[in-house]
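Spelled out from the first residue to the last, the chains are:
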Amino acid sequence: MQPHKLKTVVVLTLLLLAFFITVNGQTRFRDVVFPDVTRQDDIVYSIVENNNGNLDTLKFDFYSPEGDTVPERPLLIAIHGGGFMTGSRKDELIEAFSINMALRGYAVASISYRLATLGTGQLFPDFEQAINDAVIDSREAVRFFRANAQEYGIDTSKIVSGGHSAGAITALNHSLLPELPDDASESEHPYAISAVLSFSGAIGDTLLLQTASIPVFSAHETGDTVVPYGVGHPFSIPLLPPMYGSAVIHEALDELNIDNKLLTYEGRGHGLEGHWEEIVNEASLFLYNLFNGSTSIASTRNVRNLSSNSVKDQRSMQINLRNNLGSGNYYDLRGRRVNRTNTPNRIHGAGAYLRVEPSHK
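Residues numbered from 1 in each chain as written. Predicted model: local features only at pLDDT ≥ 70, side-chain atom pairs only at ≥ 80, totals over all residues. Heavy atoms only, no water.

Let's talk about the overall build of the chain
Each helix and strand counted, the chain has nine helices and 17 strands in total. Of the contacts formed within the chain by residues at least 6 apart in sequence, a portion of 72% connects residues at least 24 apart. Accessible surface, the chain as shown: approximately 17100 Å² in total, 52% of it carbon and sulfur. (Helix = DSSP H or I, 4+ residues; strand = E, 2+ residues; numbered from the N terminus. Contact = heavy atoms within 4.5 Å. Areas by Shrake-Rupley, 256 points an atom, 1.4 Å probe, with all protein chains shown as cover.)

Observations regarding the packing of aromatic side chains
In the structure shown here, the tally under the stated rule is 17 aromatic pairs. With 5.8 Å between their ring centres and 50° between their planes, Phe217 and Phe286 make a pair best called tilted. You can see Phe217 sitting in strand 10 (residues 216-221) and its partner Phe286 sitting in helix 7 (residues 276-291), a full 69 residues away along the chain. Phe286 shares its class with Phe217; the two are buried. (Phe/Tyr/Trp six-rings, centres within 6.5 Å; stacked < 30°, edge-to-face > 60°. Buried < 20%, exposed > 50% of the residue type's maximum accessible area, 1.4 Å probe, protein only.)

Topic: the sheet that holds strand 13 (residues 260-265)
The strand order across the open sheet built from eight strands is 3-4-6-5-7-8-10-13, with neighbouring strands paired in mixed fashion. The outermost strands of the open sheet, each flanked by one partner alone, are strand 3 (37-49) and strand 13. Direction aside, neighbouring strands of the sheet carry axes that sit 20° apart on average. Note: strand 4 (residues 55-65) against strand 6 (residues 107-111), four bridges, orientation antiparallel. Within the sheet, the bridge partner assigned to Tyr63 lies in strand 6 and is Val108. In this fold helix 6 (residues 246-255) packs onto strand 10 and strand 13, with an angle of close to 150° to the strand it touches most, strand 13. (Pairing = 2+ DSSP bridges. Axes fitted to C-alpha atoms, helices over the stretch in contact; angles between N-to-C directions.)

Overview of the sheet that holds strand 12 (residues 243-245)
Spatial ordering of the open sheet is given by 9-12-11, a layout of three strands whose pairing is antiparallel. Bordering the open sheet on either side are strand 9 (202-203) and strand 11 (231-232), each of which pairs with just one other strand. Inspection of the sheet shows strand 9 paired to strand 12 by two bridges, in the antiparallel sense. Counterpart to Ile203 in the pairing with strand 12 is Tyr244. Docked against the sheet, helix 6 engages strand 9, strand 11 and strand 12, running at close to 70° with respect to strand 12.

Here's the deal with the environment of Met85
Its place among the elements puts Met85 in the loop between strand 5 (73-79) and helix 2 (92-103). Judged by relative accessible area, which is 33%, Met85 ranks as partly exposed. Filtering out sequence-adjacent residues up to four positions away, Met85 remains in contact with Leu115, Ala116 and Pro125.

Observations concerning a nonpolar patch on the surface
On the surface, Val44, Ile47 and Leu55 cluster together into a nonpolar patch covering about 300 Å² of accessible area. Tracing the chain through its elements places Leu55 in strand 4. (Patch = residues over 30% accessible without salt bridge, like charges linked within 9 Å, V, L, I, M, F, W, Y side chains within 5 Å. Salt bridge = Lys/Arg side-chain N within 4 Å of Asp/Glu carboxyl O.)

Observations concerning the nonpolar core
Residues Phe60, Phe62, Leu75, Ile77, Phe84 and Phe145 are the most contacted members of the largest nonpolar core, which totals 53 residues. Excluding residues that lie within four positions of it along the chain, Ile77 makes contacts with Ala109, Ile111, Val142, Phe145, Ile159, Val160, Ser161 and Gly162. Val37, Val160, Ala195 and Phe291 belong to the second largest nonpolar core, which has 30 residues in total. (Core = buried A, V, L, I, M, F, W, Y, C linked by side-chain atoms within 4.5 Å.)

A short note on the pattern of salt bridges
Following the criterion strictly, the structure yields 16 salt bridges and no others. Arg28 is the salt-bridge partner of Asp68, the closest N and O atoms lying 2.7 Å from each other. Of this pair, Asp68 sits in the loop between strand 4 and strand 5 while Arg28 is found in the loop between strand 2 (26-27) and strand 3, placing the two residues 40 residues apart along the sequence. Under the relative-accessibility criterion, Arg28 is labelled buried at 2%. Across the pair Lys90 and Asp61 runs a salt bridge, and its minimum N-O distance is 2.9 Å. Residue Lys90 is found in the loop between strand 5 and helix 2, and its partner Asp61 is found in strand 4; the two are separated by 29 residues along the sequence. On the basis of relative accessibility, which here comes to 0%, the residue Asp61 falls in the buried class.

A word on the side chain of Asn50
Positionally, Asn50 belongs in the loop between strand 3 and strand 4. Given a relative accessible area of 13%, Asn50 falls into the buried group. The contact partners of Asn50, leaving out residues within four places of it in the chain, are Asp56 and Arg114.

Focus on the environment of Tyr191
Summarising the element assignment, Tyr191 is placed in the loop between helix 5 (166-176) and strand 8 (195-199). Tyr191 sits in the buried class, given a relative accessible area of 17%. For Tyr191 and Arg139, which are 52 residues apart along the polypeptide, the C-alpha to C-alpha distance reads 5.1 Å. The contacts of Tyr191, once residues within four sequence positions are left out, are Arg139, Val142, Arg143, His174, Glu179 and Asp183.

What about the pairing of strand 3?
In this structure, strand 3 lies alongside strand 4, joined through 10 bridges in antiparallel fashion. Looking at the pairing, Ile43 lines up with Phe60 of strand 4. With antiparallel pairing between neighbouring strands as the criterion, strand 3 and strand 4 make up a hairpin whose turn holds five residues, including Gly53 at a positive phi of roughly 85°.

Here it is in structure tokens:
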């Protein structure tokens, strides 16, 4: 290649890289940087049997930044609420959230999942089964996008699941529940995700938190009467099994040194009305900080003699350990030591780490 042509390629590459990072002075993935989104509706990702023995055709609506030229983007699986009995991927709240995140540069898939129905004489559906069905469906959606990553422009190392109410419960259990009986798939693609966005969410068993590994962003009102902020019964009905909300999850993740953030709002609402602008801005910042600077490199033998404290702000040296689980000490994004004996999924779960190899004399 001629020198002047090489220079032109370098300049164009640098300009393109700068566009990836900022648009009109705003920061991609953190701020709204695109004027509009492209939307594709009603795309089938799975056909599965529901609790009535009939087949459900599960679809998603796909949102992406209009005119975006980035070949691979983080994917957000957006999951609607509705108590596992009602709701739609086209609900106003989930549509607005999906559009807002796409305007920031994310690819967003707002998915449908199986909804429970009441049998004869039932006052309430089998919520455990309903949650399991929703989780299986959300995991299948992740598998779908891993299998079709190139078509949809997905960075498969950055897949996030999130939603409101039942959607948040599904997203949390997606990452926490073990393999389910009906989870088996012939697909070679895993359903692992990198983070959870939980808006008015909860779980049904605190034992699940003992093996938690995924960063979680939460927002919740303290007096929520539908899904408890702390410990309580869903819909405030004592007949239903207790659930453990955002406050409990936040405390447990803090004890496990897992990256998480909780926005707490005083009030008895469930829909987080009046707070969504702040919530979406803070959730985007959380993901941006989690993912920003992640890079894969083959070796870090030149990085030595760093203490935990000195690691905290070394953003340029964050290493994605997706395929790089070598020797040495590991520190998370906050400079906290991670036990190397943890499972690879635990290490991969929080995204980027710095590996510090022992010095050799």
